[in-house]
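Read off the chains here:
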Amino acid sequence: MRSRNVLVVSAITASLLSGLWLRPKQPQAAAEAVVSQQAVTKPGVKSPVLLPAQASQPKTKDGRQYPLVPAEPAELATLLAAVEQALRDPATAAEALPDLGHQQQVIYRVLSTDQPRSQQVVDALPPRWRSVAKSHLAARREFVRMSRGRGPTMLPAWRIIQPEPAAKLLSYYRKAEAATGIEWEVLAAVNLVETGMGRIDGVSVANAQGPMQFLPTTWAEPGVGAGNIRDPHDAIQAAARYLVRRGGLQDIRRGLWGYNNSDYYGRAVLLYASLMKEDPAAYTGLYHWEIHFNAAAGDLWLPVGYNQPQRITVEQHLQANPASRSPNG
């Protein structure tokens, strides 16, 4: 779709490339908070997992906090296993899923840049979750390898919005698979790493647009784009057609290379897709991943409601939104 060597979007962040330059170290205050765990949920929402909390930690406008990551590997493994289980449990309240998904995401982001601790955590996990954690970490590290140099001091002119409901997006992926043969898990993974499943409403530095990040020239190619480039349904269908055109039915890796000219990108997408193939319930956690941005100041969380019509300095943003800064080092 476009040739680029650095993926700007992360979710995942979008999918998903931030926090690569600062090695995670657990602050003393955060470590103390982890010992006295509290339920981090909205009022009236019961969570099946006690998530680490720190009373003095800043909150977003809607009362949420940046997830804390315990320093001690065994404690972290216990937390991660509980989060993975709760995200797959149909009894988990829908209102608890956003915090659980964000906690899962941040754990893997922190561990991906700390090889010794990540290995200790994986070894301490119950067997059920070891391969899951390994796939998550491998995918994240592919994006780490894509990054070069120090993060920017400016934040992009994006709007971060609520994505379409998970079930509706899933119906779009499945419809595209039925029409083209491109597996729905691959389409979901592309949507995840491009815009956090539609959370990023903005234009990339390469002028890619919409939830599947199409260049207008690619969208205009016969047999690719139809409808609205910014509409999730239309963009997902177009992405499937584009992957077919680039040889994705014969070799999905070749199709993904056409989408983004990077082997790192293709391997990461297929790792996320494999998680959903092995267990479709893994989609729930990935759907609830937030937008993080790889800045010079570290891993910044851009929650729903971030709205910058023009670029802004990281310093200006953090002065007004201290909850965006990672408390994990």
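Presented here is a report on the structure given in the accompanying data block. (Residues numbered from 1 in each chain as written. Predicted model: local features only at pLDDT ≥ 70, side-chain atom pairs only at ≥ 80, totals over all residues. Heavy atoms only, no water.)

Following the criterion strictly, the structure yields 14 salt bridges and no others. For Arg109, the salt bridge identified is with Asp299, shortest N-O distance 3.1 Å. Here Asp299 lies in strand E5 (residues 298–302) and Arg109 lies in helix H3 (residues 97–112), a separation of 190 residues in the sequence. Looking at Arg109, the relative accessible area reads 4%, which means it is buried. For Asp299, a relative accessible area of 12% gives the class buried. Put simply, Glu142 and Arg145 hold a salt bridge, and the shortest N to O gap is 3.4 Å. Note that Glu142 and Arg145 are positioned in helix H5 (residues 127–146) at a spacing of 3 residues, about one turn of the helix. When its relative accessible area of 9% is taken as the criterion, Glu142 is described as buried. Taking the relative accessible area as the measure of exposure, Arg145 reaches 43% and is therefore partly exposed. Through salt bridges that share partners, Glu84, Arg88, Arg128 and Asp279 make up one connected network. (Salt bridge = Lys/Arg side-chain N within 4 Å of Asp/Glu carboxyl O. Helix = DSSP H or I, 4+ residues; strand = E, 2+ residues; numbered from the N terminus. Buried < 20%, exposed > 50% of the residue type's maximum accessible area, 1.4 Å probe, protein only.)

The next thing to look at is helix H6 (residues 166–180). For H6, with 15 residues, the first-to-last C-alpha span of 21 Å sits near the 21 Å given by 1.5 Å per residue. Of all the residues in H6, the buried ones are Leu169, Tyr172, Tyr173, Ala176 and Thr180. All buried residues of H6 fall inside an arc of 95° around its axis, so they share one side. Exposed side chains of H6 directed beyond 90 degrees from the buried face belong to Ala167 and Ala178. As for H6, its buried residues are in contact with helix H7 (184–195), helix H9 (232–245) and helix H12 (282–287). Trailing H6 by a residue or two, Gly181 shows a phi angle of about 95°, which is positive. (Expected span 1.5 Å × (residues − 1). Arc of directions from axis to C-beta. Contact = heavy atoms within 4.5 Å.)

Our next topic: the environment of Pro58. Of note, Pro58 is situated in the loop between helix H1 (28–35) and helix H2 (73–88). The exposure class of Pro58 is partly exposed, given its relative accessible area of 33%. The spacing of Pro58 and Arg325 is 267 residues in sequence and 9.2 Å in space, taken between C-alpha atoms. With sequence-adjacent residues up to four places away left out, Pro58 is seen in contact with Arg64, Gln65, Pro322 and Ala323.

Okay, the pairing of strand E4 (residues 291–295) next. In terms of residue burial, E4 counts as a mostly covered element, since 5 of its 5 residues are buried. Residues Ile291, Phe293 and Ala295 line one face of E4 and the alternating positions His292 and Asn294 line the opposite face, and both faces are buried. Note that E4 and E5 share 5 bridges and pair antiparallel. Residue Asn294 lies in a different strand from E5, and its bridge partner there is Asp299. The antiparallel pairing of E4 with E5 creates a hairpin that spans 2 residues between the two strands. (Pairing = 2+ DSSP bridges.)

Each packed pair of helices is defined by two parameters, the angle between the axes and the distance between the axes. Running from N to C, H2 and H5 point in directions that differ by 95°, and their axes come no closer than 11 Å. Classed by the angle they form, the pair H2 and H5 counts as roughly perpendicular. The segment H2 lies against H5, with Ala81, Glu84, Gln85 and Arg88 engaging Arg128, Trp129, Val132 and His136. Considering only residue class, the contact of H2 with H5 consists of 3 nonpolar, 2 polar and 3 charged. (Axes fitted to C-alpha atoms, helices over the stretch in contact; angles between N-to-C directions. Parallel < 35°, antiparallel > 145°, perpendicular 65-115°, else oblique. Nonpolar A, V, L, I, M, F, W, Y, C, P; charged D, E, K, R; others polar.)

Aromatic ring pairs are defined here through the distance separating the ring centres and the angle between the ring planes. By the definition in use, this model includes 10 aromatic pairs. A centroid spacing of 6.0 Å and a plane angle of 80° characterise the contact between Tyr242 and Tyr259, whose relative ring orientation is edge-to-face. On the criterion of sequence distance, the pair formed by Tyr242 in helix H9 and Tyr259 in helix H10 (residues 252–259) is long-range, its members being 17 residues apart. Each member of the pair Tyr242 and Tyr259 is classed as buried. Aromatic side chains Tyr272 and Trp289 sit 5.7 Å apart centroid to centroid with 90° between the ring planes, which places their arrangement in the edge-to-face category. Here Trp289 lies in the loop between H12 and E4 and Tyr272 lies in helix H11 (residues 263–278), a separation of 17 residues in the sequence. As far as burial versus exposure is concerned, Tyr272 and Trp289 are alike and both buried. Aromatic ring contacts, followed pair by pair, group Tyr173, Trp184, Tyr283 and Tyr287 into a single cluster. Lying over the aromatic face of Trp129, Arg128 brings its terminal NZ or CZ to 4.0 Å of the ring centre. Across the ring face of Tyr287, the terminal group of Arg199 is positioned such that the distance to the ring centre comes to 5.4 Å. (Phe/Tyr/Trp six-rings, centres within 6.5 Å; stacked < 30°, edge-to-face > 60°. Lys NZ or Arg CZ within 6 Å of the ring centre and 35° of its normal.)

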